[in-house]
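Here is how the chains run, residue by residue.
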Amino acid sequence: SAQASTIEAAPRPATDLDALVIGAGFAGLYQLHMLRDKLGLAVQVLEAGDGVGGTWYWNRYPGARCDSESYYYSFSFSDELQQEWSWSERYPEHHEIRRYLNSMADKFKLRPDIHFNTRVTRAWYDEDAKLWHAETEQGARFSARFLITAVGCLSSANIPKIPGLERFKGDWYHTGRWPHEPVDFSGKRVGLIGTGSTGIQATPVVAAQAAHLTVFQRTANYSIPARNGPMRPDEVAKIKAGYAAIRDLARTSANGHPFLVNQVSALAVSPEERLAQYEAAWETGGLRFRASFMDLLTSKEANDTASEFIRAKIRGIVEDPEVAERLTPKDHPFATKRPPVDSHYFETFNRDNVTLVDIKATPILEITPDGLRTSEAEYPLDIIIFATGFDAMTGPLLAFDIRGRAGVPLKEAWAAGPRTYLGLQVAEFPNLFTITGPGSPSVLTNMPVAIEQHVEWITDCIRHMREAGITTIEADPVAVDEWVAHVNDAANATLLPMANSSWYLGANVPGKPRVFMPYAGGMARYARRCAEVAAHGYEGFVLR
Ligand code: N01
């Protein structure tokens, strides 16, 4: 079992490492495999959890499953791995993804080089030795030529500071720090705060078990039915036979999904044709609804047609017109916040044991010993679930004290928002690579595609450095300026910045600088740019 092999595998301590990787999710596991097994380097991984899985280690809340489809939310680098593994459902549940990552870690014998239960508290660059040092919570120290963060984009929990939480007599949980033992909701009055992808996944599952569920909604959200179901053996066989083409398509698409955006404007077809297209996409379900027309994210007028279609669906599903109205998103265009994918979310509000509270109209004032009080009423609760999201993208990198040349903290370098070159490197932080860092496509894509591209680029870069006798690589500040400007331009060419409460902008965390963090120029375009940079002798980087 995973447990047993974790105990067996206490890695040998090492201070003369080539690379130190932080995090053992998709990114860290693959980075370890590539550097150790393809380049023959001495690499170790430091992981806070007691097992592999990264985001899937922590997110075990009821209903947690991936919104990307299982067969392509997976590694593509090993044909053997993708042929051996069979997914049971169209959208994999969290434990199935954990099983997959555990089996990948076993297959490539990764565990002996992973330190579990090892949280990094600080890391600093030693200019004289040209080494990175890292210290853990237990006080252990590690040193390596390269420091590679594989800490994820959505791993730093955002728990709102609502007065009174410490006095609450019931139990409370953040979805991203869910207990390993399932929480029993039966007979309980449950309050759930937050209606992003997470809250929308959890709501129907909790409602089916709890005595009563009260959903506290700040911003109404668009959601598309997932249409989840078991994978049929004939589908699995077809996918496995066609994997080469599926992976190619995913890599050349805008979002790392193996489907193309319909190259027709929503405004170029008749209202009947448009409706038929949306109805078909609604029936198919999932994130590909967004690909219905080419201009849903670039033309407000085109987007309005999709937004209005979904609003009409919500009104059609929710029986109480007043509740339907409250559930209808009006303050941002569809898909300018990451669109959730659901299994019977809106239907859940037709249940007798579910209440929706609009906390924009009647804000939460405090948590009391017995529940939660808004400006209008008090809600007695036994359990509170915070589905309130994450300090996204920069949060996980700033969660530990990381210092570059001359002891400058990353927090200081990024005081006005993240500044990177290609989302891969930070000026004045030599030999630090940030997998899926801010300024890269990351969260706007199917993550494994973005992760594989970064890991492979970093591996090629380190190979090149070793062959050429180069010790350090660092982003040129001018290249950083240009890239930051380009990231802003790419976002501004879309409707994405119109969602002014979105975590893409850091708007969900009070006091966080408002900067559009991921690169919106598309995965394929981004990967081409990275390849060109490498081909031109790592243009924009300083190599010494
Ligand atoms: O977090 P969110 P999430 N008081 O930030 C509300 C990925 N993901 O965990 O919109 C009251 O989206 C907040 O309200 P508002 C995916 O990329 C993937 O749901 O800020 N409410 C919002 O409703 C996703 O986008 C998958 O006004 C507060 C909610 O809490 C990302 O993770 C599954 C509040 C937070 O929504 C994050 O999703 C799940 C406060 N103080 C997630 N603060 C899969 O693919 C925040 N809220 C499986």
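Structure first, text after, so check above.
Predicted model, so just to flag it, every value in this text is computed and none were measured.

Asker: How should I be thinking about the overall build of the protein in this particular structure?
Answerer: Scanning the protein from N- to C-terminus turns up 17 helices and 20 strands. For the protein, the C-alpha radius of gyration of 23 Å lies close to 24 Å, the compact-globule estimate for 544 residues. Across its three principal directions, the C-alpha atoms of the protein cover 70 × 55 × 50 Å. When the 544 residues of the protein are sorted by exposure, 59% land in the buried category. Within the protein, contacts between residues at least 6 apart in sequence are counted, and of these 73% link residues at least 24 apart. For the protein, the exposed surface amounts to about 21600 Å²; the carbon and sulfur share of it is 52%.

Asker: How do you make sense of the side chain of Lys 240 when you look at a structure like this?
Answerer: Mapped onto the elements, Lys 240 comes out in helix α7 (residues 233–241). The charged side chain of Lys 240 is buried without a salt bridge, its nearest counter-charge being Glu 84 at 9.0 Å. Excluding residues within four positions of it along the chain, Lys 240 makes contact with Gln 82, Gln 83, Glu 84, Trp 85 and Ser 86.

Asker: So what exactly am I meant to see when it comes to the sheet that holds strand β12 (residues 354–358) here?
Answerer: Neighbouring strands of a sheet are bound in pairs by backbone hydrogen bonds; such pairs are parallel or else antiparallel. What the five strands build is an open sheet, ordered β7-β16-β8-β9-β12; its pairing is parallel. A single partner strand is all that each edge strand has here, and the edge strands are β7 (171–174) and β12. Taken pair by pair, the neighbouring strands of this sheet meet at an average axis angle of 15°, ignoring direction. The pairing of strand β9 (residues 212–217) with β12 spans five bridges and is parallel. What sits directly across from Leu 213, in β12, is Val 354.

Asker: Sorry, what's going on with the environment of Phe 346 here?
Answerer: Tracing the backbone shows Phe 346 in helix α12 (residues 345–348). A C-alpha to C-alpha distance of 39 Å links Phe 346 and Leu 424, two positions 78 residues apart in sequence.

Asker: Whenever I open this one, the sheet that holds strand β15 (residues 378–380) confuses me. Can you help?
Answerer: Spatially, the three strands line up as an open sheet ordered β13-β14-β15, and their pairing is antiparallel. Sheet topology places β13 (364–368) and β15 at the edges, where each strand pairs with a single neighbour. Adjacent strand axes in the sheet meet at a mean angle of 20° when their direction is disregarded. Bridging between strand β14 (residues 371–374) and β15 involves three bridges; their strand directions are antiparallel. Across the sheet, Arg 373 pairs through a bridge with Glu 378, a residue of β15.

Asker: What am I meant to see in the pattern of salt bridges here?
Answerer: Think of it this way: side chains of opposite charge can pair up when their charged atoms draw near. Evaluated as defined, the whole model comprises 36 salt bridges. A salt bridge links Asp 37 to Arg 36; its shortest N-O distance comes to 2.7 Å. Classification of Arg 36 by relative accessible area gives buried; the value is 17%. Beyond isolated ion pairs, a larger network of salt bridges with shared partners links Glu 127, Arg 405, Glu 428, Glu 474 and Arg 544.

Asker: I tried to follow the packing of aromatic side chains on my own but got confused; where do I start?
Answerer: A ring pair, where both rings are aromatic, is described by two values, the distance of the centres and the angle of the planes. A complete count under the given rule lists 38 aromatic pairs for this structure. When the ring of Trp 85 is compared with that of Tyr 100, the centres are 5.3 Å apart and the planes differ by 70°; the resulting orientation is edge-to-face. Residue Trp 85 is located in the loop between α4 (79–84) and α5 (94–107), and its partner Tyr 100 is located in helix α5; the two are separated by 15 residues in the primary sequence. The pair Trp 85 / Tyr 100 is uniform in exposure class, with both members buried. Judged by centre distance (5.9 Å) and plane angle (25°), the rings of Phe 289 and Phe 309 are stacked. Here Phe 289 is found in the loop between α9 (271–284) and α10 (300–317), whereas its partner Phe 309 is found in helix α10, with 20 residues between them in sequence. For Phe 309, a relative accessible area of 7% corresponds to the buried category.

Reading the values: rules and limits
By convention here, each chain's residues receive numbers from 1 onward along its written sequence. It should be noted that, the model being predicted, local features are given only for residues of pLDDT at least 70 and side-chain atom pairs only at 80 or more, the latter also being counted only at that level, while totals for whole chains, interfaces and linings use all residues. Working from all heavy atoms in the structure, the side-chain values ignore hydrogens and water. The way it works is that DSSP assigns letters per residue, a run of H or I at least four long becomes a helix, a run of E at least two long becomes a strand, and they are numbered from the N terminus. Only the C-alpha atoms count toward the radius of gyration. The rule for a globule is 2.2 Å times the residue count to the power 0.38. The classification of residues rests on relative accessible area computed with a 1.4 Å probe and restricted to protein chains. Under 20% of the type maximum is buried, over 50% is exposed, and intermediate values are partly exposed. Residue contacts follow a heavy-atom distance rule, with two residues in contact if any of their heavy atoms lie within 4.5 Å. Throughout, the Shrake-Rupley method with a 1.4 Å probe supplies accessible areas, and for residues the shown protein chains are the sole cover considered. Only four residue types enter the charge count: Lys and Arg as positive, Asp and Glu as negative, with His and the chain ends excluded. For this document, the term salt bridge refers to a Lys or Arg side-chain nitrogen within 4 Å of an Asp or Glu carboxyl oxygen. Any two strands are treated as partners once DSSP identifies two or more bridges connecting them. To define axes, lines are fitted to C-alpha atoms, for helices over the stretch in contact only, and angles between the resulting N-to-C directions are given on a 0 to 180 degree scale. Aromatic rings from Phe, Tyr and Trp, taking only the six-membered ring of Trp, are treated as a pair when their centres fall within 6.5 Å; an angle between ring planes under 30 degrees marks them as stacked, one over 60 as edge-to-face, and anything in between as tilted.

So far we have only geometry, and geometry alone does not tell us how the molecule works.
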